[in-house]
Amino acid sequence: MSSKKRNWKPQTALVHGGTLRSQFGETSEAMYLTQGYVYQTAQAAEARFKGEEPGFIYSRYANPTVDMFEKRMCALEGAEDARATASGMAAVTAALLCSVKAGDHIVAARALFGSCRWVVETLAPRYGIEATLVDGTDIASWEKAVKPNTKLFFLESPTNPTLEVVDISAVASLANSIGARLVVDNVFATPLQQKPLQLGAHIVVYSATKHIDGQGRCLGGVILSDKKWIDENLHDYFRHTGPSLSPFNAWTLLKGLETLPVRVRQQTESAGKIADFLAEQPQIARVIYPGRADHPQADIVKKQMSGGSTLICLDVKGGKQAAFALQNALDIVLISNNLGDAKSLITHPATTTHKNLSDEARAELGIGPGTLRLSVGLEDTDDLLEDVAQALKAAK
Ligand SMILES: Cc1ncc(COP(=O)(O)O)c(C=O)c1O
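Residues numbered from 1 in each chain as written. Predicted model: local features only at pLDDT ≥ 70, side-chain atom pairs only at ≥ 80, totals over all residues. Heavy atoms only, no water.

Asks: Just checking my understanding: could you explain the overall build of the chain for this structure?
Replies: Looking only at helices and strands, one finds 14 helices and 12 strands in the chain. Taking 21 Å as the expected radius of gyration for a compact globule of 396 residues, we find that the chain reaches 22 Å, a close match to that expectation. When each of the 396 residues of the chain is scored for burial, the buried share is 56%. Within the chain, counting contacts between residues at least 6 apart in sequence, those at least 24 apart form 72% of the total. (Helix = DSSP H or I, 4+ residues; strand = E, 2+ residues; numbered from the N terminus. Rg over C-alpha atoms; globule rule 2.2 N^0.38 Å. Buried < 20%, exposed > 50% of the residue type's maximum accessible area, 1.4 Å probe, protein only. Contact = heavy atoms within 4.5 Å.)

Here it is in structure tokens:
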């Protein structure tokens with residue numbers, strides 16, 4: 001079954017999109033755990049390698065289960081083509097490295113997940129690709145950073161962990177005006193709450209490890225773009241360097257996609273209520289939640305997001321000690337640096353996900369000693385509110 005010519009709404013595309021049903025007529029997608037494929041004749045093998053006959057060659061190149069996951073993601077994102085990767089970082093690295101060459105320049109928003117920042121700041125310069133980091137929320141600083149050799153813009157929105165929102169269409173327009181490409185890491189918004197390609201971005205990347213699996217089971221990633229860019233820039237990199245997603249993980253992620261809208265809707269609804277509750281607590285200095293009217297970029301949220309996110313950033317008064325006490329007092333909410341999971345998870349970015357940044361770099365991003373990132377899960381909203389309330393009391 002192909003979703004290509006069907007005008008399905010996301011919830012339908014996520015259940016049926018991309019399904020390749022075998023001769024056995026299985027209802028659930030088949031898991032093709034194979035490395036290779038058999039050809040009827042030597043001539044058929046030759047024709048397939050020459051690209052004269054369709055079909056699979058080797059699972060580092062493509063695999064039917066992985067193919068279903070890629071097609072389903074395309075149907076959701078409205079993208080022409082996709083490549084699935086073994087992790088979100090494999091997707092980010094491939095998208096960036098396949099967009100530039102030695103001598104090119106990248107402009108990236110400085111509020112990036114730690115590993116993404118390492119790729120831009122440390123890995124890329126080793127290969128002669130320089131990068132400038134800017135305040136992503138200030139379009140003038142993107143403009144100021146542009147050089148004659150700028151070929152790529154990179155941003156994450158909302159950002160990890162302070163949930164800054166970057167004006168994607170403004171950055172895309174600037175990229176178009178200088179012939180550069182824009183890569184958007186859309187993990188925090190999920191493919192349901194923000195559509196970077198519709199906003200003008202050229203390439204979208206996901207850590208499928210987060211909401212797409214959403215149940216803590218496997219790593220995965222995906223890159224989505226137009227077919228021409230994938231054919232010309234990503235195709236050979238994939239075949240020859242092998243960041244491929246395993247068929248088992250692709251199957252798990254396909255199952256995750258079926259329930260993604262239901263989970264994200266419920267998690268966002270709870271997150272909104274918890275954010276409002278936290279904002280009223282005297283122990284909390286600041287709550288950043290894209291669904292609230294007091295979000296620093298509320299106008300851009302309104303323009304480009306259709307939901308408030310499943311994540312909340314909060315600053316606890318009393319710094320690290322108070323933030324640790326609050327985490328330790330939580331009962332349902334678990335201490336973990338993952339996000340987008342069915343289980344509510346909390347982390348202290350300064351000592352975990354962003355520990356490798358200098359104090360100054362963290363301060364620049366608004367990550368203080370009392371900052372916590374809460375990923376709201378699928379538990380009952382009232383139970384979660386009660387847990388947060390009792391932890392605040394206990395941590396006083
Ligand atoms: C915004 C963002 N991008 C990329 C990644 C990397 O994803 P993965 O852990 O699947 O490699 C993460 C992981 O936390 C993330 O938060």
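Asks: Even after reading the chapter, I still don't get unusual backbone geometry, so can you show me in this structure?
Replies: Apart from glycine, the bulk of residues carry a negative phi angle, and the bulk of peptide bonds sit in the trans form. Here the amide bond leading from Ser157 into Pro158 is cis, since omega sits at -10 degrees, within 30 degrees of zero. Position of Pro158 among the secondary structure elements: in the loop between β4 (150-156) and α7 (168-177). Residues Asn160 and Pro161 are joined by a peptide bond in cis, for which omega reads 5 degrees. Mapped onto the elements of the fold, Pro161 is located in the loop between β4 and α7. A positive phi angle is found at Leu163, which is not glycine, with a value near 55 degrees.

Asks: Mind showing me how you'd approach the pattern of salt bridges here?
Replies: Charged atoms that come close allow side chains of opposite charge to pair. Enumeration over the complete set of coordinates arrives at 22 salt bridges. When the shortest N-O distance is used, the salt bridge between Arg72 and Glu29 registers 2.7 Å. With Arg72 in helix α3 (residues 64-77) and Glu29 in the loop between α1 (10-16) and α2 (42-50), the pair connects residues that are 43 residues apart, well separated along the chain. For Arg72, a relative accessible area of 0% puts it in the buried group. Each of Glu29, Arg72, Lys255 and Glu258 takes part in a single network of salt bridges with overlapping partners. (Salt bridge = Lys/Arg side-chain N within 4 Å of Asp/Glu carboxyl O.)

Asks: What's the story with the site of the ligand in this structure? I'm lost.
Replies: Surveying the vicinity of the ligand reveals the residues Ser87, Gly88, Met89, Phe113, Glu156, Asn160, Asp185, Phe188, Ser207, Thr209, Lys210 and Gly220. Interatomic distance of 2.9 Å between a backbone N/O atom of Met89 and an oxygen atom of the ligand. In this structure, Thr209 approaches the ligand through a side-chain N or O atom, which is 2.6 Å from an oxygen atom. Isolated, the ligand exposes 390 Å² of accessible area, and the fraction of that covered by the protein chains is 91%. Counting atoms within 2 Å of the grid points, the majority share of the ligand lands in the second largest pocket. Tallied by class, the residues present in the shell around the ligand amount to 3 nonpolar, 6 polar and 3 charged. (Near = heavy atom within 4 Å. Polar contact = N/O pair within 3.5 Å; in protein donor to acceptor, adjacent residues only side chain to side chain. Areas by Shrake-Rupley, 256 points an atom, 1.4 Å probe, with all protein chains shown as cover. 1 Å grid on protein atoms, 1.4 Å probe; cavity = no way out; pocket = protein on both sides within 12 Å on 5 of 7 lines; lining within 4 Å. Sits in = over half its atoms within 2 Å of the grid points. Nonpolar A, V, L, I, M, F, W, Y, C, P; charged D, E, K, R; others polar.)

Asks: Would you explain the sheet that holds strand β9 (residues 311-316) in this entry?
Replies: Within a sheet, adjacent strands bond to each other through the backbone by hydrogen bonds, running parallel or antiparallel. Read across the sheet, 5 strands follow the order β8-β9-β12-β11-β10 without closing on themselves; strand pairing throughout is mixed. This sheet does not close on itself; its edge strands, each paired only once, are β8 (284-288) and β10 (334-335). By the bridge criterion, 5 bridges tie β9 to strand β12 (residues 371-375) in an arrangement that is antiparallel. Its bridge partner being in β12, Leu314 is matched across the sheet by Leu372. Packed on one face of the sheet, helix α12 (residues 319-329) meets β9, β10, β11 (345-347) and β12 and runs near 130 degrees to β9. (Pairing = 2+ DSSP bridges. Axes fitted to C-alpha atoms, helices over the stretch in contact; angles between N-to-C directions.)

Asks: What exactly am I supposed to notice about the domain arrangement of the chain here?
Replies: A common way to express how large an interface is: the accessible area buried when the components associate. For the chain, the assigned domains are domain 1 (7-258) and domain 2 (260-395). Centre-to-centre separation of domain 1 and domain 2, based on C-alpha positions: 27 Å. Both faces combined, the contact of domain 1 with domain 2 buries some 3,200 Å², and carbon together with sulfur accounts for 58% of it. The largest per-residue losses of area from domain 1 upon contact with domain 2 belong to Leu163, Gln193 and His211, which jointly make up 22% of the total buried on that side. For the pair domain 1 and domain 2, the number of links is 2 salt bridges. For Asp167, the salt bridge goes to Lys303, with nearest N and O atoms at 2.8 Å. Counting across the domain 1 and domain 2 interface gives 23 residue pairs in polar contact (both at pLDDT 80 or more). Elements with a contribution of two residues or more to the side of domain 1 that touches domain 2: α1, α5 (114-126), α7, α8 (190-193) and α10 (247-279). Element by element, the count of residues in the side of domain 1 that touches domain 2 is highest for α8, at 4 residues. Class assignment for the residues of the side of domain 1 that touches domain 2 results in 19 nonpolar, 16 polar and 7 charged. (Domains from an automatic or database assignment. Buried area = accessible area lost by both parts, 1.4 Å probe.)

Asks: What should I look at first to understand the environment of Leu260 in this one?
Replies: Take Leu260: it is sitting in helix α10. Separated by 46 residues in sequence, Leu260 and Gly214 have C-alpha atoms that sit 7.8 Å apart. Sequence-distant contacts of Leu260, that is, excluding residues within four places in its chain, are made with Leu14, Leu76, Pro191, Leu192, His211 and Ile212.

Asks: Help me out: how do you make sense of the sheet that holds strand β5 (residues 181-185) in this one?
Replies: Strand order in this open sheet of 7 strands is β1-β7-β6-β5-β4-β2-β3, and the pairing throughout is mixed. The open sheet is flanked by β1 (81-85) and β3 (130-134), the only strands paired with a single partner. Ignoring which end each strand starts from, the neighbouring axes of this sheet average 20 degrees apart. For β4 and β5, the ladder comprises 5 bridges, and the chain directions are parallel. Bridge pairing links Leu152 to Arg181 in β5. The sheet strands contacting α7 are β4 and β5, and the helix crosses β5 at an angle near 155 degrees. Along the sheet face, helix α9 (residues 227-241) touches β1, β5, β6 (203-207) and β7 (221-225) and points at about 25 degrees away from the line of β1.

Asks: What should I look at first to understand the pairing of β12 in this one?
Replies: For a regular strand, side chains alternate in direction, first toward one face of the sheet and then toward the other. For β12, the buried fraction is high: 5 of the 5 residues fall into the buried class. Burial of β12 is two-sided: the residues Thr371, Arg373 and Ser375 facing one way and the residues Leu372 and Leu374 facing the other way are all buried.

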